[in-house]
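# Coordinate analysis (summary)
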Amino acid sequence: RNRMMLTKMGAQMLSGLVDNIAIPRQTGGATAYWVAESGAPTESQAAFDQVTMSPKTVGAFTDLSRKLLLQSSIDVEAFVRRDLATVLALAIDLAGINGSGASNQPTGILNTSGIGDVAGGANGLAPTWAHIIELWSDVAVANADFGSTGIITNAKVLGKLMGTLKAAGVAGFVAEAFPDVSGITNIGGLRAGITNQVPSNLTKGTSVGVCSALIQGNWNDIILGQWGSLDLLVDPYTGSSSGTVRVVAMQDVDIAVRHPESFAAMKDALTV
């Protein structure tokens, strides 16, 4: 299975939610003025808006045959429950990275309007040290390079960067360390989470289905909202005529990017 990475990188979880929610967000600050003696500064105020979240349902189910339940040496039902819970957790993690915002999905970082855009080329380009610098710079220029910062990308990109020199004829690769067992390494000195949840099948120009993504940002600004708990239902009735037992898992969640300026992405990295 792919590694789950959002919470490892610092995404915040809001659990036990009820109804739709709106999270306050500051969009502007007060203004300071220099004044003459006995002068008064001009009135100014901070500005606020809201980040809204509403429950979206992700689910999965599987049917267990009568003979599987009779013959297995393990607790099949418990195994399937754990498997379905993992499948849903992976789906939520993936939605946070690349959710379309359509077809009942949350909107992931890569499809969030307003994040920084680092373009390789008209038809994509192999990632370089210059792209890593630009990813960091886009976030830093927006004063968002604090909190739980770092890069998320996939194994194909890491492999490419481990064989890419920072500059021609100069010793030192863009990435020089394999990830640890949890998927964490560094790229150019930046903390990096490596997971194949990050797509490697994006399209840019004539590079169809072969582009990968890199995302740099402050991961504390990803909000994972959870309504209720994981619902698991064992249904012995739907397939009763054949003796099958259905196990259904469902979870209500939503995902929000609190500040789009906290993220920048390259979506056309070529690794082949």
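Along each chain, the written sequence defines residue order, and numbers are assigned to residues from 1. Where totals are concerned, whole chains, interfaces and linings use all residues; where local detail is concerned, this predicted model gives features only for residues with pLDDT of at least 70, and gives and counts side-chain atom pairs only at 80 or more. For side-chain calculations, the full set of non-hydrogen atoms in the structure is used, while hydrogens and water are omitted.

### Observations regarding the overall build of the chain
Strands are runs of DSSP state E lasting at least two residues, helices are runs of H or I lasting at least four, and both sets are numbered from the N terminus onward. Each helix and strand counted, the chain has 5 helices and 13 strands in total. Along the longest, intermediate and shortest principal axes, the C-alpha atoms of the chain span 85 × 55 × 35 Å. Taking all 272 residues of the chain together, the buried fraction comes to 39%. Considering only residue pairs separated by 6 or more positions, the chain has 73% of its internal contacts joining residues 24 or more positions apart. The charge count treats Lys and Arg as positive and Asp and Glu as negative. His and the chain ends do not count. Throughout, a charge is located at the NZ atom of Lys, the CZ atom of Arg, the CG atom of Asp or the CD atom of Glu. Of the charged side chains in the chain, 17 are positive and 22 negative, and the gap between their average positions amounts to 12 Å. Residue exposure (1.4 Å probe, protein chains only): buried if accessible area is under 20% of the type maximum, exposed if over 50%, otherwise partly exposed. Should any heavy atoms of two residues lie within 4.5 Å, those residues are counted as being in contact.

### With respect to the packing of aromatic side chains
The way to describe two aromatic rings as a pair is by their centre distance and the angle between their planes. Note on ring pairs: Phe, Tyr and Trp rings are taken, using the six-membered ring of Trp, and paired if centres are within 6.5 Å. Classes follow the plane angle, with under 30 degrees stacked, over 60 edge-to-face and the rest tilted. If you walk through the whole model with that rule in mind, you get 1 aromatic pair. Both rings, one in Trp219 and one in Phe263, keep their centres 5.1 Å apart while their planes meet at 70 degrees; by these two values the pair is edge-to-face. Remark: Phe263 occurs in strand β13 (residues 263-270) and Trp219 occurs in the loop between β10 (207-218) and β11 (222-235); sequence separation between them is 44 residues. Phe263 sits in the buried class, given a relative accessible area of 1%. Whether a charge lies above a ring is judged from NZ of Lys or CZ of Arg, which has to be within 6 Å of the ring centre and within 35 degrees of the ring normal. Between Lys166 and the ring centre of Trp129, over which it is positioned, the NZ or CZ distance is 4.4 Å.

### Here's the deal with the nonpolar core
In this text, buried Ala, Val, Leu, Ile, Met, Phe, Trp, Tyr and Cys residues form a nonpolar core when linked through side-chain atoms within 4.5 Å. Counting residues in hydrophobic clusters, the biggest one holds 25 residues, and the most contacted among them are Leu6, Ile109, Ile152, Ile215, Trp219, Ile222 and Phe263. Mapped onto this core, the elements with two or more residues apiece are α1 (6-9), α3 (76-98), β10, β11, β12 (245-257) and β13. Ranked by size, the runner-up nonpolar core spans 20 residues in total, among them Val139, Ile194, Ala264 and Met266.

### Structural notes on unusual backbone geometry
Not every positive phi belongs to a glycine, and Ser38 is a case in point at roughly 70 degrees. Relative to the elements of secondary structure, Ser38 occurs in the loop between β2 (21-28) and β3 (47-53). The exposure class of Ser38 is exposed, given its relative accessible area of 79%. With a phi close to 70 degrees, Asn104 is a non-glycine residue in the positive phi region. With respect to the element layout, Asn104 can be found in the loop between α3 and β5 (116-117).

### Details of the sheet that holds β12
Strand pairing is defined by DSSP finding a minimum of two bridges between the two strands. The mixed open sheet is built from 4 strands, whose spatial order is β1-β11-β12-β4. With one partner strand each, in any of the chains shown, β1 (12-17) and β4 (56-64) form the two edges of the open sheet. The sheet shows a mean angle of 25 degrees between the axes of neighbouring strands, taken without regard to direction. Bridge count between β11 and β12: 11 bridges; the pairing is antiparallel. Considered in β12, the bridge of Asp235 is made with Arg246. Between N-to-C directions, angles cover 0 to 180 degrees, with each direction set by a line fitted to C-alpha atoms, over the stretch in contact for helices.

### Digging into helix α5 (residues 155-162)
Listing the buried residues of α5 in full gives Val157, Leu158, Leu161 and Met162. An end-on view of α5 places all buried positions within 135 degrees of arc, on one side of the element. Considering only its buried residues, α5 is in contact with α4 (129-141), β6 (149-153), β7 (184-187), β8 (190-194), β10 and β13. We call two N or O atoms a polar contact when they sit within 3.5 Å, provided that within protein one can donate a hydrogen and the other can accept it, with sequence-adjacent residues counted only if both atoms are side-chain atoms. The backbone nitrogen of Lys156 has a side-chain oxygen 3.1 Å away, supplied by the residue at the start of α5, namely Asn154. In this context, the arc is that of the directions from the helix axis out to the C-beta atoms.

Read these as geometric descriptors, not functional statements.
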